[in-house]
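Reading the structure
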Amino acid sequence: MSSAAAAPGRTTTAQWIARLCGALFVGLSIAWTFQLPSRLGISVYKEQFLLLCLGLVGAIVFLTTRYDRSKDANPPPYDWALASVMLGVMAYIAWDYAWFLDNAAYAPPLMLVLGVIVIVLVMEGLRRVTGWVLFSIVIAFMIYGLLAHLVPAPLTGTRTPPTELALYLAFDTNALIGIPLGVATTVVVIFIFMGQVLFNTGGGEFVTDIAMATMGRRRGGAAKISVLASGLFGTISGSAISNATTVGVVTIPLMKRSGYSAVDAGAIEANASTGGQFMPPVMGAAAFLMAEFLEIPYSEVVVAAAIPALLYYFAIFVQVDLVAARDRIRFLADDMPRARDVLRAGWHFIVPFVVLIYALFEMTVEAEVAAMYAAVTFVVLGALRSYKGRRMTWRQLAASFWDAGIATTELVMIVAAAGFVIGILNKSGGGFALTLALVKLGGGNLYVLLLIAAVICIVLGMGMPTTG
């Protein structure tokens, strides 16, 4: 048994270092959001920032996740070495990025060796945080990148030597250090930080209490609490996983006690939590990628998602009500909290959302800047007011930094791998060939093409995260 298992309350050296890397990651993102380097007269390439962030995240992955994907807090020596190499190589490339930029056309041996190391470590980090499915898909794309010229039409691509492909994937701004990684490290992590500040001041409990106060006395109230709480929680988290882990620990036992089967309870919470990814105003990373790819403000994506998100939750709400009627699910106890009491104690959690929406739609600032305004509002109000005894302290503020950094690691590794896929499709010409094939398959009909895209998303979604 590991010492972590023997002493679960003890924080190991690896965990402290992972926390430090997470806090540095979030701190760098905030500094970049407010253009601190340029304000201090320091010239920094965005790629240097991205590489350093990726190095910190990779170190966190190797310090917290073992080869078999377990979460043992005591990494073996080879994981310490991988974490050190990941952070060291990324920091070195970021430090001397101008040299790599000048010599990229000459493909020096050092650049090739470091490029291979970067690709291998990113892929291993991806496998550890997501499993074999997405890892295998990215590997399949890499094989396509090498053999695209041999693939039958209409997916035939150009011939790319292995060394050229490796350099392109590791160093080009259309591959690893491209748009997906930029969105994750400059936008998404700020929103996750905002959510962590909220959670650490009792905001998660406030959301659950509101749902219990409004739905607890209705037919099938436990499931309706799950749906409403997950929808409300989705407005601040943008993550299905954090939604399920935060809300589900309360609502799933409630549903089982009120008469829902364990299967129904898990299915209801899983579906309700999934909607948190596209419930405005804070949505998952995919929404930010859409805004970046389409070159439109994030606020427009928010508006487009509002009606589908509400319809999604309305459909789940109707379904759980029908299940409750069919199975004669009893009411919850009458000792549910009163809405006015919950709002009186936690009204301050609503103010930052007003700030966020005002900043997005009225001030029309960048999404990450709006999120920081809201986060600062959470910190100030959370320090002035408590909810159920929870108040923002310096320790909780520090925890918000490292919790946000660690919570973003899976996403960063996924978008880094997505950069590989985008780079391969760009380099081989496969992206154009695939798009042309899909348009031909749809016969030029927009609605048929939308249907094809929906089917593809459903199939890929069976084995991959949304962003992937």
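Residues numbered from 1 in each chain as written. Predicted model: local features only at pLDDT ≥ 70, side-chain atom pairs only at ≥ 80, totals over all residues. Heavy atoms only, no water.

**Things to note about the overall build of the protein**
Applicable threshold: Runs of E in the DSSP output that reach at least two residues are strands. Runs of H or I that reach at least four are helices, and both are numbered from the N terminus. A 1.4 Å probe rolled over the protein chains alone gives each residue an accessible area, and that area as a share of the maximum for its type sets the label: buried under 20%, exposed over 50%, partly exposed in between. Note on contacts: a residue pair is in contact if any heavy atoms of the two residues lie within 4.5 Å. The Shrake-Rupley method, run with a 1.4 Å probe, gives the accessible areas here. Residue values count only the displayed protein chains as cover. Counted as positive: Lys and Arg. Counted as negative: Asp and Glu. His and the chain ends are not counted at all. The atom standing in for a charge is NZ when the residue is Lys, CZ when it is Arg, CG when it is Asp and CD when it is Glu.
Assigned secondary structure in the protein consists of 23 helices and zero strands. Along the first, second and third principal axes, the C-alpha set of the protein runs to 75 × 55 × 55 Å. Classification of the 468 residues of the protein by burial places 49% in the buried group. At a minimum sequence separation of 6, the contacts of the protein that also span at least 24 residues come to 75%. Counting only carbon and sulfur atoms, one obtains 68% of the accessible surface of the protein, whose full area is about 22,000 Å². With 29 positive and 26 negative side-chain charges, the protein shows a separation of 10 Å between the mean positions of the two kinds.

**Quick notes on the nonpolar core**
For clarity, the threshold we go by: Take the buried Ala, Val, Leu, Ile, Met, Phe, Trp, Tyr and Cys residues and link them wherever side-chain atoms come within 4.5 Å; each set so joined is a nonpolar core.
Membership of the largest hydrophobic core comes to 135 residues, with the highest contact counts inside it found for Leu54, Val122 and Phe191. Beyond its immediate chain neighbours, meaning those up to four positions away, Leu54 contacts Met86, Met90, Val122, Leu176, Leu181, Val412, Met413 and Ala416.

**Here we look at the packing of helix 12 (residues 221-237) against helix 16 (residues 298-327)**
Here is the rule we go by: Only the stretch in contact is used when fitting a helix axis, every axis being a line fitted to C-alpha atoms; angles between N-to-C directions are given from 0 to 180 degrees. Angles below 35 degrees are treated as roughly parallel, those above 145 as roughly antiparallel, those between 65 and 115 as roughly perpendicular, and all remaining angles as oblique. The classification used treats Ala, Val, Leu, Ile, Met, Phe, Trp, Tyr, Cys and Pro as nonpolar, Asp, Glu, Lys and Arg as charged, and all other residues, Gly among them, as polar.
The geometry of helix 12 relative to helix 16 is characterised by a closest axis approach of 9 Å and an angle of 170° between their N-to-C directions. Taken together, the axes of helix 12 and helix 16 are roughly antiparallel relative to one another. For the pair formed by helix 12 and helix 16, the contact residues are Ala223, Lys224, Val227, Ser230 and Gly231 on the first element and Tyr313, Ile316, Phe317, Val320 and Asp321 on the second. In terms of residue class, the contact of helix 12 with helix 16 is made up of six nonpolar, two polar and two charged.

**As for the packing of aromatic side chains**
Applicable threshold: A pair of Phe, Tyr and Trp rings is counted when the ring centres sit within 6.5 Å of each other, with Trp represented by its six-membered ring. The angle between the planes then sorts it: under 30 degrees is stacked, over 60 is edge-to-face, the rest tilted.
Summed over all chains, the structure comprises 18 aromatic pairs. With 5.8 Å between their ring centres and 90° between their planes, Phe206 and Tyr387 make a pair best called edge-to-face. Of this pair, Phe206 sits in helix 11 (residues 203-215) while Tyr387 sits in the loop between helix 19 (367-384) and helix 20 (394-407), and the two are 181 residues apart along the sequence. Of the residues examined, Phe206 reaches a relative accessible area of 7% and is grouped as buried. Overall, the relative accessible area of 3% leaves Tyr387 in the buried class.

**Re unusual backbone geometry**
Between Pro280 and Pro281 the backbone carries a cis peptide bond, its omega angle lying at 5°. Residue Gln35 is not a glycine yet carries a positive backbone phi of 55°. Looking at the element boundaries, Gln35 is found in the loop between helix 2 (13-33) and helix 3 (36-39). At Thr364, a residue that is not glycine, the phi angle is positive and equals roughly 50°. By secondary structure assignment, the location of Thr364 is in the loop between helix 18 (351-361) and helix 19. By relative accessible area, which is 59% here, Thr364 ends up exposed.

**Digging into the side chain of Ser299**
One can find Ser299 in helix 16. Of the residues examined, Ser299 reaches a relative accessible area of 14% and is grouped as buried. In this structure, Ser299 is in contact with Leu360 and Phe361, ignoring residues within four places of it in sequence.

**Details of the environment of Glu164**
As for its position among the elements, Glu164 is in helix 9 (residues 162-171). A sequence separation of 57 residues divides Glu164 from Ala107, and the C-alpha atoms of the two residues are 8.0 Å apart.

**Quick look at the side chain of Thr235**
Here is the rule we go by: Here a polar contact means two N or O atoms within 3.5 Å. Within protein one must be a hydrogen donor candidate and the other an acceptor candidate, and residues neighboring in sequence count only if both atoms are side-chain atoms.
When you line up the elements, Thr235 lands in helix 12. In terms of polar contacts, Thr235 uses its side chain to reach the backbone carbonyl oxygen of Leu232, at 2.4 Å.

**Focus: the packing of helix 13 (residues 240-258) against helix 14 (residues 262-274)**
Basically, it comes down to this: Crossing handedness follows the turn of the near helix against the far one: under a right angle anticlockwise gives a left-handed crossing, and clockwise gives a right-handed one.
Two elements in contact, helix 13 and helix 14, have axes separated by 9 Å at closest approach and are oriented at 150°. Here helix 13 is positioned roughly antiparallel relative to helix 14, judged by the angle of their axes. Our pair here, helix 13 against helix 14, has a crossing hand that is right-handed. When helix 13 is examined against helix 14, the residues Ala240, Asn243, Ala244, Val247, Gly248, Thr251, Ile252, Met255 and Lys256 are found in contact with a partner set consisting of Ala262, Ala265, Gly266, Ile268, Glu269, Ser273 and Thr274. A per-class count over the contact of helix 13 with helix 14 returns eight nonpolar, six polar and two charged.

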